[in-house]
Amino acid sequence: MTSIDLNADLGEGFGRWRLTDDEQLLTVVTSANVACGFHAGDAVTMRRVCELAAARGVRVGAQVSYRDLAGFGRRAMDVPSAELTAEVAYQIGALEVFARAAGTRVSYVKPHGALYNRVVHDEEQAAAVVAGVLLADAALPVLGLPGSRLLEAARAAGLTGVTEAFADRAYTDEGTLVPRGQEGAVVTDPEAVVERSLRLARDRTVTARSGARVDVDARSLCLHGDTPGAVDLARRVRKRLESSGIRVEAFV
């Protein structure tokens, strides 16, 4: 039976401000990418999400980012390799404290926003992220875009690289994500997202913005938690997958 992991970006609030409906999304997804305080999140939020995830059997992942609270981690930044390595390890370590206190642990690492897109092509930044993961825990899988420099660096270092796809993001003909600043970068039609999810899980393909068919061999499917109506959309996606005979389960 074909299987797929469903992951979502969670804990993306700060103080009294909350962006994602963590409680409800954790009843749907199998992996939670938890913000570690650099693009969003704080100690209280991280602890709460880890406790909720542990109670529901959802895997906890460290969503590491550039240090950019004001820009939500989506602004391009030039961070020296040694600094980025230390900051990646720092974020993983911070989340691990709360995960262990909740009776679980950090199970994987996924970059966020500008860092995620940068390490698709940038070998130096990809290597720095991998070095940070190794510094924190050399057994952690790394989640990223198929064909990215990040996954190449992870595998070369002996880490498990896990491929990921996005049902609500537009793709280029090369299999990369259309930058958010461009028109049509985000797929907003719920039915289209549901159908794209099924095709990605069952057929391992997606229709690019140009209309071309692109192969995307992914083990995990990302559902953005900050999308309007995210909970209902996530439920629809999971229901469609399972009714089509696809098993929804964590990749780790």
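That block above? That's the structure.
Cut-off values and rules
Residues numbered from 1 in each chain as written. Predicted model: local features only at pLDDT ≥ 70, side-chain atom pairs only at ≥ 80, totals over all residues. Heavy atoms only, no water. Salt bridge = Lys/Arg side-chain N within 4 Å of Asp/Glu carboxyl O. Helix = DSSP H or I, 4+ residues; strand = E, 2+ residues; numbered from the N terminus. Buried < 20%, exposed > 50% of the residue type's maximum accessible area, 1.4 Å probe, protein only. Phe/Tyr/Trp six-rings, centres within 6.5 Å; stacked < 30°, edge-to-face > 60°. Patch = residues over 30% accessible without salt bridge, like charges linked within 9 Å, V, L, I, M, F, W, Y side chains within 5 Å. Areas by Shrake-Rupley, 256 points an atom, 1.4 Å probe, with all protein chains shown as cover. Pairing = 2+ DSSP bridges. Disulfide = S-S within 2.5 Å. Core = buried A, V, L, I, M, F, W, Y, C linked by side-chain atoms within 4.5 Å. Contact = heavy atoms within 4.5 Å. Right-handed = clockwise from strand over helix to strand, strands pointing away.

## Quick look at the pattern of salt bridges
Stage number 1. Using the criterion set out here, one finds 21 salt bridges in the structure.
Stage number 2. A salt bridge links Arg100 to Glu96, with the shortest nitrogen-to-oxygen separation between them at 2.5 Å. One end of the pair is Arg100 and the other is Glu96, both in helix α3 (residues 81-101) and four residues apart, which spans about a single turn.
Stage number 3. With a relative accessible area of 53%, Arg100 lands in the exposed category.

## A short note on the environment of Glu242
Stage number 1. Structurally, the position occupied by Glu242 is in helix α8 (residues 230-243).
Stage number 2. The class for Glu242 is partly exposed, based on a relative accessible area of 41%.

## Some points on the packing of aromatic side chains
Stage number 1. This model, assessed by the stated rule, comprises three aromatic pairs.
Stage number 2. With a centroid separation of 6.0 Å and 45° between ring planes, the pair formed by Phe38 and Tyr90 is classed as tilted. Here the residue Phe38 occupies a position in the loop between β2 (31-35) and α2 (43-56), and Tyr90 occupies one in helix α3, the gap between them amounting to 52 residues.
Stage number 3. On the accessibility criterion, Phe38 (5% relative accessible area) is buried.
Stage number 4. A relative accessible area of 56% means that Tyr90 is categorised as exposed.
Stage number 5. Ring centres 5.1 Å apart and planes at 65° place the aromatic pair Tyr108 and Phe251 in the edge-to-face group.

## Remarks on a nonpolar patch on the surface
Stage number 1. On the surface, a nonpolar cluster with roughly 380 Å² of combined accessible area is contributed by Phe14, Trp17, Leu19 and Leu69.
Stage number 2. In this fold, Leu69 is placed in the loop between β3 (59-64) and α3.

## Concerning the pairing of strand β1 (residues 3-10)
Stage number 1. Judged by how many residues are buried, β1 sits mostly within the fold: eight of eight residues are covered.
Stage number 2. Side chains Ser3, Asp5, Asn7 and Asp9 project from β1 onto one buried face, and the interleaved Ile4, Leu6, Ala8 and Leu10 project onto a second face that is buried too.
Stage number 3. Where β1 lies against strand β10 (residues 247-248), two bridges are found, and the strand directions are parallel. Note that in β10 the partner of Ile4 across the bridge is Val248.
Stage number 4. Examined bridge by bridge, β1 and β2 share four bridges and lie parallel to one another.

## Quick look at the state of the cysteines
Stage number 1. Enumeration over the complete set of coordinates arrives at zero disulfides.
Stage number 2. Take Cys36: it sits in no disulfide, and the sulfur closest to it among the cysteines is that of Cys50, at 8.4 Å.
Stage number 3. Exposure remark for Cys36: the relative accessible area of 5% places this residue in the buried category.

## So, the nonpolar core
Stage number 1. Counting 73 residues, the largest nonpolar core has Leu26, Ile92, Leu95, Val237 and Leu241 as the members making the most contacts within it.
Stage number 2. By residue number, the principal contributor to this core is α3, which donates six residues.
Stage number 3. Beyond its immediate chain neighbours, meaning those up to four positions away, Ile92 contacts Ala62, Val64, Val106, Val109, Gly132, Val133, Ala136 and Leu140.

## Comments concerning the pairing of strand β4 (residues 106-111)
Stage number 1. Among the six residues of β4, six are classified as buried, and the element is accordingly described as predominantly covered.
Stage number 2. Two elements, β3 and β4, share five bridges in a ladder whose sense is parallel. Across the sheet, residue Gln63 finds its bridge partner in β4, namely Lys110.
Stage number 3. In terms of handedness, the path from β3 via α3 over to β4 forms a crossover that is right-handed.

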